[in-house]
Structures are given as structure tokens and as C-alpha cells.
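Letter by letter, the chains look like this.
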Amino acid sequence: EDEGKLVLVNQSKPDIQTGLTQVKESLINPYNKLLDNINGDILDTEAMIEALQSLNSLQDSYDSITKNCTSTTMQLNELQAGKSNFKSMFSFKSREGTITQLSEEKEKLEKDLNNLGQVIKIATHNMDTEMRRFKNANLDNYYAELMLLQKGLQDNCKKTQQLWDSLLNEENIAKAEI
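For the structure given in this document, a descriptive report is provided here. In this text, all values refer to a predicted model and were calculated from it rather than measured experimentally.

Turning next to the overall build of the protein chain. Scanning the protein chain from terminus to terminus reveals four helices and zero strands. Helices and strands appear in the protein chain in the N-to-C order α-α-α-α. Scored against the burial criterion, the 178 residues of the protein chain give a buried share of 21%. Total accessible area computed for the protein chain in this model is approximately 13400 Å², and 56% of it derives from carbon and sulfur atoms.

The structure is reproduced here in C-alpha cells:
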């Protein structure tokens, strides 16, 4: 019974309810959208950093395998030339067995180098493409977001003022009817 007299919750006045809803929606802070976009850009940047770190890790692995392959090749060449090193002096394997083992190890390392080199080449190409797209997209997005923010601020100020004026007008009319 008392609620029927209240202007803002009176169910018989749906225009006022609609007006209140519109005012509430117009009061949404346009900075929140900008903040959401910036948070998304931060996540994108972190993902790029992780991808670069992965690429660096692949390169470190490639360098390590290259070093092992070079060392193995030097040992193999020394053994094939008839020289013996400190390690082979205390080995229980025959000279031919050691040469065979080093040859197989060298072959495996060279395959690994080749495969890892191809992966790095593909990853580097993809990373380069993504970095260019990421840079261009972010510049375009920042400009667009700032323009939207500026327009949103202007529109929200106008809308809010218009909605408040119409709501106050309807409230005054409703009070006059009571």
C-alpha cells in the first residue's frame, strides 16, 4: 500500500522504471572498457615474452648440441688419425668399438641439429610474423580505444544528463498526480 505511493518503485509507472534502468546503464564507467583492453594487451605481451623465452631456450639447446657434436667430431678425428686421448686410454672398449660408438653418436647429434635447426627456423619465422602483427594491432587498438573512450565519455555525459532530466521531469509529474 505504501509502495504504491513511492515514485521510484511504483509498478504502475513502467516509464520511470525504464528511465532508472537507462540511467544506471549510462553511468557505466567507460574507463572499465579501456582497463579490460589494457589487461588483455598485458596478457598478450606476457604470451609474447613466453614465446621469445621458448625460442631462446631452443637456441640454447641448439648451441649445446653443436658444442657436443664438435667435441665428438674432434675425438673421432683424433682416434681415426691414430692419436689417443686420456679418456680412451682408460676405456675397456677396443679402438674400433670406440670409433663406431663415436661415429653413431656424431650421426645422432647431426640429425638432432638438423631437426632442431628446422624447428628454430620455423619458430623464428612464425615469431617474426606474429611480432609484426602484434605491434601493428596494438598501435591500431590503442588509437581505436582512445577514440572510443573519448566518444564514450562525451556520449555518457550527454545521455546521463538527458536521462536525469527526463527522470526528474517524470518524477515531478508523478508527484503532482499524487
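Here the narrative resumes, following the displayed structure.
So, on to the environment of Ser103. With respect to the helices and strands, Ser103 occurs in helix H4 (residues 95-177). In this structure the C-alpha to C-alpha distance between Ser103 and Gln75, which are 28 residues apart in sequence, comes to 9.9 Å.

Scanning the model with the defined rule gives two salt bridges in all. Here Lys106 and Glu110 are joined by a salt bridge, their closest N and O atoms 3.8 Å apart. Taken as a pair, Lys106 and Glu110 lie in helix H4 at a separation of four residues, close to a single helical turn. Where Lys108 meets Asp112, a salt bridge forms, and the shortest distance between an N and an O atom there is 3.0 Å. Remark: Asp112 and Lys108 occur in helix H4; sequence separation between them is four residues, near one turn of the helix.

Among the nonpolar cores identified, the biggest contains six residues, and these are Ile65, Cys69, Leu109, Leu113, Leu116 and Ile120. Among all residues touching Leu116, those that are not within four sequence positions of it are Leu58, Ser61, Tyr62 and Ile65.

Within the element layout of this structure, Leu52 appears in helix H2 (residues 30-80). Note on Leu52: relative accessible area 32%, which makes it partly exposed. Sequence-wise, Leu52 and Ala123 are 71 residues apart; in three dimensions their C-alpha atoms are separated by 9.6 Å. If we ignore the near neighbours within four places in the chain, the residues touching Leu52 are Met127 and Met131.

Within the element layout of this structure, Thr72 appears in helix H2. Given the relative accessible area of 4%, Thr72 is considered buried. A distance of 3.4 Å separates the side chain of Thr72 from the side chain of Glu105, its partner in a polar contact.

What counts, and at which threshold
Residues numbered from 1 in each chain as written. Predicted model: local features only at pLDDT ≥ 70, side-chain atom pairs only at ≥ 80, totals over all residues. Heavy atoms only, no water. Helix = DSSP H or I, 4+ residues; strand = E, 2+ residues; numbered from the N terminus. Buried < 20%, exposed > 50% of the residue type's maximum accessible area, 1.4 Å probe, protein only. Areas by Shrake-Rupley, 256 points an atom, 1.4 Å probe, with all protein chains shown as cover. Salt bridge = Lys/Arg side-chain N within 4 Å of Asp/Glu carboxyl O. Core = buried A, V, L, I, M, F, W, Y, C linked by side-chain atoms within 4.5 Å. Contact = heavy atoms within 4.5 Å. Polar contact = N/O pair within 3.5 Å; in protein donor to acceptor, adjacent residues only side chain to side chain.

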